[in-house]
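Spelled out, the chains give:
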Amino acid sequence: MNQAWLLCSLLAYHANSHAQPVLEKVLDGDTVIIREEAQSYHLRLLDIDAPELHQAFGKQSRRSLAQLCMNAPISVQLQGQDIYGRTLGHLSCGKQDASQSQIALGMAWFNQRYSRRYELQVLQKQAQQQALGLWQQSNPLPPWQWRKLYGRHYHHQE
């Protein structure tokens, strides 16, 4: 009886020790829900700020992140929490950095206020020059300005 219990315990430990994180849901262009083992959490992607869902290109940004990540193996590098209690970190889908991809496709802004990954600023300039994604608009409104203008109304709508 003890040997069977020990074997089951070791198998369970081995299975869980190699458990990969799973992408449960893409909430918007820079926030996802990740499940690791029995726990789920919101992951806010570092380095970028994507349009809000009710903002121009918000739904396209979410769709872009979902297309990159939903059926790909993912890896997560956690970096702490923000003031809203969301977990902050980097997300890779397949071998692609999700933040880098979102910027390169014109689906998010480089968040220069909080990031020092200036190679992402170069990618943003390239996306702007090629009029990709949100840069098709003549004067796209950054999400931090959109939240200042519409944040109170937006949060009451949810």
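Residues numbered from 1 in each chain as written. Predicted model: local features only at pLDDT ≥ 70, side-chain atom pairs only at ≥ 80, totals over all residues. Heavy atoms only, no water.

A. Structural detail: the overall build of the protein. Each helix and strand counted, the protein has five helices and eight strands in total. For the protein, the sequential pattern of α-helices and β-strands runs α-β-β-β-β-α-β-β-β-α-β-α-α. Burial status across the protein gives 40% buried among its 158 residues. A separation of at least 24 residues holds for 55% of the contacts in the protein among residues at least 6 apart in sequence. Within the structure as shown, the protein displays about 10,200 Å² of accessible surface, and the carbon and sulfur contribution to it stands at 51%. (Helix = DSSP H or I, 4+ residues; strand = E, 2+ residues; numbered from the N terminus. Buried < 20%, exposed > 50% of the residue type's maximum accessible area, 1.4 Å probe, protein only. Contact = heavy atoms within 4.5 Å. Areas by Shrake-Rupley, 256 points an atom, 1.4 Å probe, with all protein chains shown as cover.)

B. A look at the state of the cysteines. Taken as a whole and assessed by the stated rule, the structure comprises one disulfide. Across the disulfide from Cys-69 sits Cys-93; the S-S distance is 1.9 Å. Linking Cys-69 and Cys-93, the disulfide has an S-S dihedral of approximately 85 degrees and is accordingly described as right-handed. Within this pair, whereas Cys-69 is found in helix α2 (residues 58–69), its partner Cys-93 is found in strand β6 (residues 87–93), the two being separated by 24 residues in sequence. Comparing Cys-69 with Cys-93 shows no difference in burial state: the two are buried. (Disulfide = S-S within 2.5 Å.)

C. Representation of the pattern of salt bridges within the structure. For the structure on display, the rule yields nine salt bridges. Where Arg-117 meets Asp-47, a salt bridge forms, and the shortest distance between an N and an O atom there is 2.9 Å. Note that Arg-117 is positioned in the loop between β8 (109–110) and α4 (118–129) and Asp-47 in the loop between β3 (39–45) and β4 (48–49), a separation of 70 residues in sequence. One exposure class covers both Arg-117 and Asp-47, and it is buried. The network of salt bridges with shared partners includes Asp-30, Arg-44, Asp-49, Glu-52 and Arg-147. (Salt bridge = Lys/Arg side-chain N within 4 Å of Asp/Glu carboxyl O.)

D. Broad picture of the nonpolar core. Ranked by internal contacts, the top residues of the largest apolar core, which has 20 residues, are Val-32, Ile-34 and Leu-91. Counting residues per element, the ones that place at least two in this core are β1 (22–28), β2 (31–36), β3, α2, β6, α3 (98–104) and α4. Element by element, the count of residues in this core is highest for β3, at three residues. In contact with Ile-34, other than residues within four places in its own chain, are Pro-21, Val-22, Leu-23, Gln-39, Ser-40, Tyr-41, Leu-43, Ile-74, Val-76 and Leu-91. (Core = buried A, V, L, I, M, F, W, Y, C linked by side-chain atoms within 4.5 Å.)

E. Summary view of α2. With 12 residues, α2 extends 17 Å from end C-alpha to end C-alpha; this agrees with the ideal 16 Å at 1.5 Å per step. Within α2 the residues assigned to the buried category are Gly-58, Ser-61, Ser-64, Leu-65 and Cys-69. Here the buried residues of α2 occupy an arc of 125 degrees about the axis, which is enough to place them on one side. In the core, the buried residues of α2 are packed alongside β1, β2, β3, β5 (74–81), β6 and α3. (Expected span 1.5 Å × (residues − 1). Arc of directions from axis to C-beta.)

F. Spatial organisation of unusual backbone geometry. A positive phi angle, close to 70 degrees, is found at Phe-57, a residue other than glycine. Under the relative-accessibility criterion, Phe-57 is labelled buried at 15%.

G. Expanded view of the packing of aromatic side chains. Per the counting criterion, the structure on display carries four aromatic pairs. Where Trp-109 meets Trp-135, the ring centres are 5.4 Å apart and the plane angle is 65 degrees; that geometry is what we call edge-to-face. Of this pair, Trp-109 sits in strand β8 while Trp-135 sits in the loop between α4 and α5 (143–157), and the two are 26 residues apart along the sequence. According to the relative accessible area criterion, Trp-135 is buried, its value standing at 12%. (Phe/Tyr/Trp six-rings, centres within 6.5 Å; stacked < 30°, edge-to-face > 60°.)

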